[in-house]
Amino acid sequence: MATRDYDSEIKQLQATMVTIGKVLDLDDMRREIASLGEEVADPNLWDDQANAQRVTGRLSTLQGEMERFTSLEGRLEDVQLMVEMAAEEGDETALAESEAELERISKSIEQLEVRTLLNGEYDAREAIVSIRSGAGGVDAADFAEQLMRMYTRWAERNKYGVEVFDVSYAEEAGIKSAEFAVRAPYAYGTLSVESGTHRLVRISPFDNQGRRQTSFAAVEVIPQLEQTDDIEIDENDIRVDVYRSGGPGGQSVNTTDSAVRLTHIPTGTVVQCQNEKSQLQNKASAMVVLKAKLLALKKAEEAALKKDLKGDVQASWGDQMRSYVLNPYQMVKDLRTEYESGNPQAVLDGDIDGFLEAGIRWRRGAALED
């Protein structure tokens with residue numbers, strides 16, 4: 001059995017870290033952290049709350065990125081010493097521990113390397129995710145709900161905040177549609193590769209004859225709007241409808257018409273929100289989502305890249321980007337990247353990092369080819 005070349009592996013990881021450091025531009029990052037630190041120290045900062053939130057949020061993001069990089073550098077130096085000492089002393093136990101740590105470091109560096117690929121105009125933004133059931137009846141509605149759970153579980157694993165704007169429940173089971181935000185830096189860049197049609201094949205739990213059913217659900221991911229984004233909406237172009245919030249089985253969430261639906265008449269874009277008890281709060285949240293959708297549409301039209309930001313997602317045959325097969329075999333496979341998993345339940349429980357990383361690398365490769 002060949003002896004593992006730890007020295008070569010560590011040198012390769014160190015070279016990768018040097019490349020990542022150049023992409024991140026650590027010197028520029030340090031200067032920006034120092035500048036933002038001075039702004040945060042200004043006692044008048046919170047006179048403008050919107051700007052204060054932007055400054056503190058940006059500072060926290062940069063400090064987190066810097067800490068992540070320097071921590072990996074330190075761990076790589078430590079494991080190099082551990083390997084050298086274990087080899088000199090012939091300590092097999094210490095060598096095994098070093099090997100396990102090297103595997104963990106390698107995985108973390110790979111994830112950081114993927115993050116450096118998120119350099120698009122909106123990639124650093126938070127994300128607004130929309131899911132809607134497609135062809136497949138009640139199975140499609142149930143699948144749409146499973147996808148919502150998959151993404152919220154993924155967010156929970158990463159300690160990211162999730163804000164649900166609206167969920168439209170189907171009559172028998174599942175959901176017709178849902179809209180929610182993932183509150184984390186780079187959430188848009190990371191999750192944008194999930195946009196498209198997802199396909200589920202399984203024995204339907206809703207078919208009394210136990211037949212296999214194929215169903216579809218569409219996922220759309222757009223970037224969160226920021227204060228600096230230039231998007232104005234004429235109030236005359238918006239139709240506002242209010243209605244009573246509802247939950248599964250038609251149960252009333254509250255007894256007032258607090259839910260709000262906004263329709264942008266020129267584009268036909270519809271947004272609704274019902275998670276707050278106040279009609280004014282729901283309207284404000286719905287307006288945030290509407291502006292984000294209109295900004296995405298505007299930028300996509302300007303760049304003639306509508307599929308990159310939103311995509312023409314039909315949620316039907318011939319349009320799928322990923323298949324979740326539960327019968328006659330168990331597999332989840334991305335049809336663009338060829339990345340696959342033999343554990344669909346783990347994927348539906350939020351274990352989607354492999355798919356996200358493969359999607360980001362695939363997108364980067366496609367952009368370079370173009």
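Residues numbered from 1 in each chain as written. Predicted model: local features only at pLDDT ≥ 70, side-chain atom pairs only at ≥ 80, totals over all residues. Heavy atoms only, no water.

Visitor: Help me out: how do you make sense of the overall build of the chain in this one?
Guide: The number of helices and strands found in the chain is ten helices and eleven strands. Each of the 370 residues in the chain was classed as buried or not, and the buried ones make up 44%. Long-range contacts, defined here as pairs at least 24 residues apart, represent 64% of the contacts in the chain between residues at least 6 apart. Put simply, the chain shows about 19,600 Å² of open surface, and 46% of that area lies on carbon and sulfur atoms. (Helix = DSSP H or I, 4+ residues; strand = E, 2+ residues; numbered from the N terminus. Buried < 20%, exposed > 50% of the residue type's maximum accessible area, 1.4 Å probe, protein only. Contact = heavy atoms within 4.5 Å. Areas by Shrake-Rupley, 256 points an atom, 1.4 Å probe, with all protein chains shown as cover.)

Visitor: For this particular structure, what's the right way to read the sheet that holds strand S4 (residues 196-203)?
Guide: Two pairing modes exist for strands in a sheet, parallel and antiparallel, and in both the strands are linked by backbone hydrogen bonds. What the eight strands build is an open sheet, ordered S2-S3-S1-S5-S4-S9-S10-S11; its pairing is mixed. Single-partner strands in this sheet number two, and they are strand S2 (161-169) and strand S11 (340-341). Pairing geometry for S4 and strand S5 (residues 212-223), over eight bridges, is antiparallel. Paired with Ile203 across the bridge in S5 is Arg212. Strands strand S1 (127-133), S2, strand S3 (175-183), S4, S5 and strand S9 (320-325) of the sheet are contacted by helix H5 (residues 137-157), whose axis makes an angle of about 45 degrees with S5. Relative to strand S10 (residues 331-334), helix H10 (residues 353-369) is tilted by about 15 degrees, and along the sheet it contacts S9, S10 and S11. (Pairing = 2+ DSSP bridges. Axes fitted to C-alpha atoms, helices over the stretch in contact; angles between N-to-C directions.)

Visitor: Please clarify how the nonpolar core should be interpreted in this entry.
Guide: Within soluble globular proteins, side chains that are nonpolar generally end up buried alongside one another. Residues Ile131, Leu147, Tyr151, Leu191 and Tyr324 are the most contacted members of the largest nonpolar core, which totals 56 residues. It is H5 that contributes the most residues to this core, eight residues altogether. Not counting the four nearest positions on each side in its chain, Tyr324 is found in contact with Phe143, Leu147, Met150, His198, Arg199, Leu200, Val201, Met331, Val332, Val347 and Leu348. With 28 residues, the next largest nonpolar core counts Ile10, Ala52, Val55 and Leu95 among its residues. (Core = buried A, V, L, I, M, F, W, Y, C linked by side-chain atoms within 4.5 Å.)

Visitor: Just checking my understanding: could you explain H10 for this structure?
Guide: Given 3.6 residues to a turn, an α-helix orients residues that are three or four positions apart in the same direction. The end-to-end C-alpha distance of H10, which contains 17 residues, comes to 24 Å, matching closely the 24 Å that a straight helix rising 1.5 Å per residue would cover. Turning to H10, its buried residues number three or more, namely Gly354, Phe355, Leu356, Glu357, Ala358, Gly359 and Ile360. (Expected span 1.5 Å × (residues − 1).)

Visitor: What should I look at first to understand the pattern of salt bridges in this one?
Guide: Between side chains of opposite charge, a pair can form as their charged atoms come close. Summed over all chains, the structure comprises 23 salt bridges. Close ionic contact of Glu65 with Arg115 constitutes a salt bridge, the shortest N to O distance being 2.6 Å. Of this pair, Glu65 sits in helix H3 (residues 49-89) while Arg115 sits in helix H4 (residues 92-116); the two residues are 50 residues apart in sequence, bridging distant segments of the chain. Of the two residues examined, Glu65 and Arg115, each falls in the buried class. Here Lys333 ties to Glu338 by a salt bridge, and the two come within 3.1 Å at their closest N and O atoms. What makes Glu338 partly exposed here is its relative accessible area of 48%. Several salt bridges share partner residues, and in doing so they unite Glu194, Arg322, Asp334 and Arg336 into one network. (Salt bridge = Lys/Arg side-chain N within 4 Å of Asp/Glu carboxyl O.)

Visitor: Whenever I open this one, the packing of helix H2 (residues 26-41) against H3 confuses me. Can you help?
Guide: Geometrically, a packed helix pair is captured by the angle between its two axes and the distance between the axes. Running from amino to carboxyl end, H2 crosses H3 at an angle of 140 degrees, the nearest separation of the two axes being 9 Å. As far as their axial angle goes, H3 and H2 are oblique. For the crossing formed where H2 meets H3, the hand is left-handed. For the pair formed by H2 and H3, the contact residues are Leu26, Met29, Arg30, Glu32, Ile33, Leu36, Gly37, Glu39 and Val40 on the first element and Val55, Thr56, Arg58, Leu59, Leu62, Gln63, Glu65, Met66 and Phe69 on the second. Looking at side-chain class alone, the contact of H2 with H3 contains ten nonpolar, three polar and five charged residues. (Parallel < 35°, antiparallel > 145°, perpendicular 65-115°, else oblique. Left-handed = near helix turned anticlockwise from the far one by under 90°. Nonpolar A, V, L, I, M, F, W, Y, C, P; charged D, E, K, R; others polar.)

Visitor: In this structure, what is going on with the sheet that holds strand S7 (residues 259-264)? I would like to understand it.
Guide: Read from one edge of the open sheet, three strands run S6-S7-S8, paired in antiparallel fashion. The strands lining the two open edges of the sheet, one partner per strand, are strand S6 (238-243) and strand S8 (269-273). Along the sheet, successive strands turn relative to each other by an average axial angle of 15 degrees, direction set aside. Where S6 and S7 come together, six bridges link them in antiparallel fashion. Within the sheet, the bridge partner assigned to Val240 lies in S7 and is Leu262.

Visitor: How do you make sense of the environment of Ser98 when you look at a structure like this?
Guide: Turning to its location among the elements, Ser98 is positioned in helix H4. Residue class for Ser98 comes out buried when judged on its relative accessible area of 1%. Each C-alpha atom, one on Ser98 and one on Asp78, is 9.4 Å from the other, the two residues being 20 residues apart in sequence. Not counting chain neighbours up to four residues away, the residues in contact with Ser98 comprise Val79, Met82 and Val83.

Visitor: Would you explain a negative patch on the surface in this entry?
Guide: Negative charge collects at one region of the surface, where Glu84, Glu88, Glu89, Asp91, Glu92 and Glu97 lie side by side. Here the element with the most residues in the negative patch is H3; it accounts for three residues. Here Glu89 is to be found in helix H3. (Patch = residues over 30% accessible without salt bridge, like charges linked within 9 Å, V, L, I, M, F, W, Y side chains within 5 Å. Lys, Arg positive; Asp, Glu negative; His and termini not counted. Charge placed at Lys NZ, Arg CZ, Asp CG, Glu CD.)

Visitor: Would you explain H5 in this entry?
Guide: The terminal C-alpha atoms of H5, which comprises 21 residues, lie 31 Å apart, in line with the 30 Å expected from a rise of 1.5 Å per residue. Lys159 occupies a position one or two residues after H5 and carries a positive phi of about 60 degrees.

Visitor: I'm lost on the confidence of the model for the chain in this one. Help?
Guide: Scored by pLDDT, the chain comes out at a mean of 86, with 89% of its residues at no less than 70. Low confidence marks residues 249-253, where pLDDT is under 50. Its contacts with residues over four positions away, or in another chain, come to seven contacts. (pLDDT = per-residue confidence, 0-100.)

Visitor: In this structure, what is going on with the environment of Ser278? I would like to understand it.
Guide: Relative to the assigned elements, Ser278 resides in the loop between S8 and helix H7 (279-303). Distance from Ser278 to Val260, taken between C-alpha atoms, is 9.7 Å for residues 18 residues apart in sequence.

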